[in-house]
Amino acid sequence: MIRAAIFDMDGLMFDTENLYVRALEEYVSPSTGIPFPRESILKTLGCNHADFERIFPELFGTAISFSDCYAMIYDWMSKEIQTHGVPVKPGLYTLLNALKRNGFRIALATGTSRPIAMQYLEMTDTQPYFDAFVFGDQVTHGKPNPEIFLRAADALSSLPSSIAVFEDSINGLRAAHAGGFFSICVPDLVDPVPRLDFTPDAVLHTLDEAIPLLC
C-alpha cells in the first residue's frame, strides 16, 4: 500500500522549467549572441547543478562559462519570480491537501539547491506540507541515479515500494524506477514516456488526478 509520497519540484510542482527555457532563449542568447538550441536546452531538464555543469560545454560550447551563464539565468528568473510569483502547476494544492488528510508523509527531492528551493516553497506556502527535504547539493549522483529518492525514503522511514514518486522528466522517472518506487508521471515540456524502456505506474495530465489512485 502506498502511504508516502516524494515530489520533484521544477516542472512538476512549479512551472519553473518553462521560465528556465525562456531565460536562455529570451535573455542569455540575445545578450551574448550565443545560440542555445531548444533541443539542447531540453536535455538539461532534471539535471542537478553538478551534472548541468558537466554537460554544459558539450551542449553549448565554451563561448560562455557555465558559471556566467548560470548567473544570468538565475538573475532573469529571480526578477521574473519576484515580479509575477512562482507559477504553480494545476492541482498541486488539491493533491497536497488530500495526501495530508489521508495521513501521507511527504518529501521533496529536487536537484535544485536548498536556498532556491526553500525560497520557492516559502513563496507558495507549500513548505508546511513536507516532512522531509533532499536537495541537489546533498547527493553525489544526480538522476537517473536513484540516490536522491532513496535518501528521501530514508528520511520518511518508508520503503520505496510504499512510496509514490511524482516526476515529469525522463531522468527522474528512470531514477524512481531504478529505486523500486511507484512512479507517477505528469509530463511537462517534454513527454518522457516514449523514450522510456518501461511504463510508469501512472501517467496523468494534472497532479490532482492522483487522488483517486492513492487516497
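Anyway, here's the lowdown on the structure attached to this text. (Residues numbered from 1 in each chain as written. Predicted model: local features only at pLDDT ≥ 70, side-chain atom pairs only at ≥ 80, totals over all residues. Heavy atoms only, no water.)

## Comments concerning the packing of helix α1 (residues 16-32) against helix α4 (residues 66-84)
Orientation of α1 relative to α4, taken along the N-to-C sense of each, is 120 degrees, at an axis distance of 9 Å. Taken together, the axis directions place α1 and α4 in an arrangement best described as oblique. Both α1 and α4 take part in a crossing whose hand is right-handed. Facing Thr16, Leu19, Tyr20, Arg22, Ala23, Leu24, Glu26, Tyr27, Val28, Ser31 and Thr32 of α1, the residues of α4 in contact are Cys69, Met72, Ile73, Asp75, Trp76, Met77, Glu80 and Ile81. (Axes fitted to C-alpha atoms, helices over the stretch in contact; angles between N-to-C directions. Helix = DSSP H or I, 4+ residues; strand = E, 2+ residues; numbered from the N terminus. Parallel < 35°, antiparallel > 145°, perpendicular 65-115°, else oblique. Left-handed = near helix turned anticlockwise from the far one by under 90°. Contact = heavy atoms within 4.5 Å.)

## Considerations on the nonpolar core
Core analysis: the largest hydrophobic core is formed by 55 residues, its most contacted members being Phe7, Met13, Phe36 and Phe166. Only β1 (4-7), α1, α3 (49-60), α4, α5 (92-101), β2 (105-110), α6 (114-123) and β4 (163-167) provide two or more residues apiece to this core. No other element matches α4, which puts seven residues into this core. When sequence neighbours within four positions are dropped, the list of residues in contact with Phe36 reads Leu24, Glu25, Val28, Ser29, Ile41, Phe56, Phe60, Ile64 and Cys69. Grouped together as the second largest cluster of nonpolar side chains are 17 residues, Ala107, Ala132, Ala153 and Ala176 included. (Core = buried A, V, L, I, M, F, W, Y, C linked by side-chain atoms within 4.5 Å. Buried < 20%, exposed > 50% of the residue type's maximum accessible area, 1.4 Å probe, protein only.)

## Notes on the pattern of salt bridges
For side chains bearing opposite charge, pairing can occur when the charged atoms are close. As enumerated under the stated definition, the model contains 10 salt bridges in all. One salt bridge connects Lys100 with Asp131, and the closest N-O pair in it is separated by 3.2 Å. Of this pair, Lys100 sits in helix α5 while Asp131 sits in the loop between α6 and β3 (132-135), placing them 31 residues apart in sequence. Residue Lys143 is joined to Glu167 by a salt bridge in which the shortest nitrogen-to-oxygen separation is 2.6 Å. Taken together, the residues Lys143 in the loop between β3 and α7 (147-156) and Glu167 in strand β4 connect sequence positions 24 residues apart. On the accessibility criterion, Lys143 (7% relative accessible area) is buried. Here the residues in one salt-bridge network are Asp8, Lys143 and Glu167, joined through shared partners. (Salt bridge = Lys/Arg side-chain N within 4 Å of Asp/Glu carboxyl O.)

## A short note on the packing of aromatic side chains
What describes a pair of aromatic rings is the distance from one ring centre to the other and the angle between the planes of the rings. One pass over the structure, following the stated rule, counts 13 aromatic pairs. Ring geometry for Phe56 against Phe66: centres 5.7 Å apart, planes inclined by 75 degrees, an arrangement best described as edge-to-face. With Phe56 in helix α3 and Phe66 in helix α4, this residue pair connects regions lying 10 residues apart in the sequence. The two residues Phe56 and Phe66 agree in class, both being buried. On the numbers, 6.0 Å between centres and 65 degrees between planes, the contact of Phe149 with Phe181 is edge-to-face. Here the residue Phe149 occupies a position in helix α7, and Phe181 occupies one in the loop between α8 (170-178) and β5 (182-185), the gap between them amounting to 32 residues. You'll find Phe149 and Phe181 in the same group, each marked buried. Members of the aromatic cluster, each reached through a chain of ring pairs, are Tyr20, Phe36, Phe52, Phe56, Phe60, Phe66 and Tyr70. (Phe/Tyr/Trp six-rings, centres within 6.5 Å; stacked < 30°, edge-to-face > 60°.)

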